[in-house]
Amino acid sequence: MTAKKTLVITLSLLLCLFAGCAKTEPDATPVQIDRASAVVSYLGPEGTYTQEACGLFFEEQGKYLPYETVEEAVDAMVRGEARYAVIPQENTIGGAVIDYVDTLIARDNVSVVGEVELPINQNLLVMPGAALTDIKKVYSHKQGIAQGRDWLAENLPNAEIVEVSSTAEGAKMVAEGRDRTCAAIASAACAQVYSLEVLASAIQQNDSNRTRFYVLSTDKPATAPAGRAVFTARGKADALPALMAEMEKQNVRLVAVHDRPLKTALGEYCYLIECADCGYDQYLRFTKNSAFTLQYLGSFDVR
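Keep in mind it's a predicted model, so treat the numbers as computed, not measured. (Residues numbered from 1 in each chain as written. Predicted model: local features only at pLDDT ≥ 70, side-chain atom pairs only at ≥ 80, totals over all residues. Heavy atoms only, no water.)

## As for the overall build of the protein chain
Here's step 1: A tally of regular secondary structure across the protein chain gives 10 helices and 15 strands.
Here's step 2: Judged by the C-alpha coordinates and their principal axes, the protein chain covers about 90 × 40 × 35 Å.
Here's step 3: Looking at the 303 residues of the protein chain, the share that counts as buried comes to 47%.
Here's step 4: Of the contacts formed within the protein chain by residues at least 6 apart in sequence, a portion of 79% connects residues at least 24 apart.
Here's step 5: Carbon and sulfur atoms make up 52% of the accessible area of the protein chain, which totals about 14,900 Å². (Helix = DSSP H or I, 4+ residues; strand = E, 2+ residues; numbered from the N terminus. Buried < 20%, exposed > 50% of the residue type's maximum accessible area, 1.4 Å probe, protein only. Contact = heavy atoms within 4.5 Å. Areas by Shrake-Rupley, 256 points an atom, 1.4 Å probe, with all protein chains shown as cover.)

What follows is the structure, given as structure tokens:
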């Protein structure tokens, strides 16, 4: 083989390698969402707070597809059945919704394209005509149970508390069972959907109860300037202070950090980190010498 042919082959290989790498690079184009044609997967059934968050973010436009679990909703998006998926990720009372955080960080091909904050008003829903003294069993999602724990302890201390996949699923079970001894902690909207009555309203622990939801996509992570940025950092816990110090040097404001075990060794975690006042160029600077394995998930705005 001549030197000229070797050079041509080498250049071709380099160009192919560069093209392959370019496919995995984040996208400098700002997030653009066509709400009117959006198909969105979410944690069902009908009436969940996640469905309400979908309506808020997408301005009641598009088509919403309910799934039994958040994992199924995200997988449906990955398969192309939906264009976006909306998942809860943090509540002011219950904290990080760790099962759903795990669903996000377990996937390499998912980005965050938006965030919406929703006020949460929990209610005790019952069959029409049921009284508080009738209630022996209460269904809800674990976040609903956590948010209504104080009220339950004071008003239904002997009731059996049953955790289900969503607040709306609990309401659906009460309606289908037609049992006056059963109740659900869910939204007032569920009372209309499942023909139940609101026996007690606003039973959450405080009036500042809010949940943050991520809007996910399979698009490349956007890097254009936006209100928020989110990334994951995988590695040892003792590397976290150095990363936080570098973020402070760049005047980046920390919004949230959630830790999940890597399941490799004690003290090794995947941190989901959200920050504000942070451009992609700043992210590259404060992570330049980090000991973590990093994955940028996107820049986006909050509604």
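## A word on the sheet that holds strand β15 (residues 293-300)
Here's step 1: The strand order across the open sheet formed by 4 strands is β13-β14-β12-β15, and the pairing between neighbours is antiparallel. Looking at which strands have only one partner, the edges of the open sheet turn out to be β13 (253-261) and β15. Strand-to-strand twist across the sheet, computed as the mean angle between neighbouring axes with direction ignored, equals 15°.
Here's step 2: As defined by bridge partners, strand β12 (residues 228-236) adjoins β15 across 7 bridges and the pair is classed as antiparallel. The residue of β15 that forms the bridge with Arg 234 is Thr 293.
Here's step 3: Against the sheet, helix α9 (residues 240-249) makes contact with β12, β13 and β14 (268-276), and its axis sits at roughly 15° relative to β14, the strand it touches most. (Pairing = 2+ DSSP bridges. Axes fitted to C-alpha atoms, helices over the stretch in contact; angles between N-to-C directions.)

## Some words on the side chain of Ser 41
Here's step 1: Looking at the secondary structure, you find Ser 41 in strand β1 (residues 39-43).
Here's step 2: Judged by relative accessible area, Ser 41 falls into the buried class, the value being 0%.
Here's step 3: Separated by 2.7 Å, the side chain of Ser 41 and the backbone oxygen of Ala 73 make a polar contact.
Here's step 4: Ser 41 has contacts with Leu 65, Tyr 67, Ala 73, Met 77, Ala 82, Tyr 84, Ala 85 and Val 86, leaving out every residue within four places of it along the chain. (Polar contact = N/O pair within 3.5 Å; in protein donor to acceptor, adjacent residues only side chain to side chain.)

## Details of the sheet that holds strand β9 (residues 182-186)
Here's step 1: Pairing is mixed in the open sheet, where 5 strands are placed in the order β8-β7-β9-β6-β10. Two strands bound the open sheet, and with one partner strand each, they are β8 (160-163) and β10 (197-200). Neighbouring strand axes in the sheet, compared pairwise and without regard to direction, differ in orientation by 35° on average.
Here's step 2: Sheet strands in contact with helix α7 (residues 167-177) are β6 (123-126), β7 (137-140) and β9, and its direction is about 155° off that of β9.

## Focus: unusual backbone geometry
Here's step 1: At the junction of Gly 44 and Pro 45, the peptide bond is cis and its omega measures out at 5° in the coordinates.
Here's step 2: One can find Pro 45 in the loop between β1 and α2 (49-57).
Here's step 3: Positive phi outside glycine occurs at Glu 59, with the angle close to 55°.
Here's step 4: Checked against the element boundaries, Glu 59 lands in the loop between α2 and β2 (63-67).
Here's step 5: Even without being glycine, Glu 60 reaches a positive phi, approximately 60°.

## Regarding the confidence of the model for the protein chain
Here's step 1: Averaged over every residue, the pLDDT of the protein chain is 90; residues scoring 70 or more account for 92%.
Here's step 2: Within the model, pLDDT remains below 50 along residues 1-24, and this stretch shows 4 contacts once partners closer than five positions in the same chain are excluded. (pLDDT = per-residue confidence, 0-100.)

## Concerning the environment of Asn 109
Here's step 1: Along the polypeptide, Asn 109 turns up in the loop between α4 (98-105) and β5 (111-119).
Here's step 2: By relative accessible area, Asn 109 is classed as partly exposed at 40%.
Here's step 3: Separated by 109 residues in the primary sequence, Asn 109 and Thr 218 have C-alpha atoms spaced 5.9 Å apart.
Here's step 4: Discounting residues that sit within four places of it in the chain, Asn 109 has contacts with Val 78, Ser 217 and Thr 218.

## As for α9
Side chains of residues three or four places apart in an α-helix project in the same direction, reflecting 3.6 residues per turn.
Here's step 1: When we look at burial in α9, the residues that qualify are Leu 240, Leu 243 and Met 247. On an axial view of α9, the arc spanned by its buried residues comes to 65°, and they lie on one face. Among the exposed residues of α9, those oriented more than 90 degrees off its buried face are Pro 241, Glu 248 and Lys 249.
Here's step 2: Close packing links the buried residues of α9 with β12, β13, β14 and α10 (280-286).
Here's step 3: The first or second residue beyond α9 is Asn 251, which carries a positive phi of 60°. (Arc of directions from axis to C-beta.)

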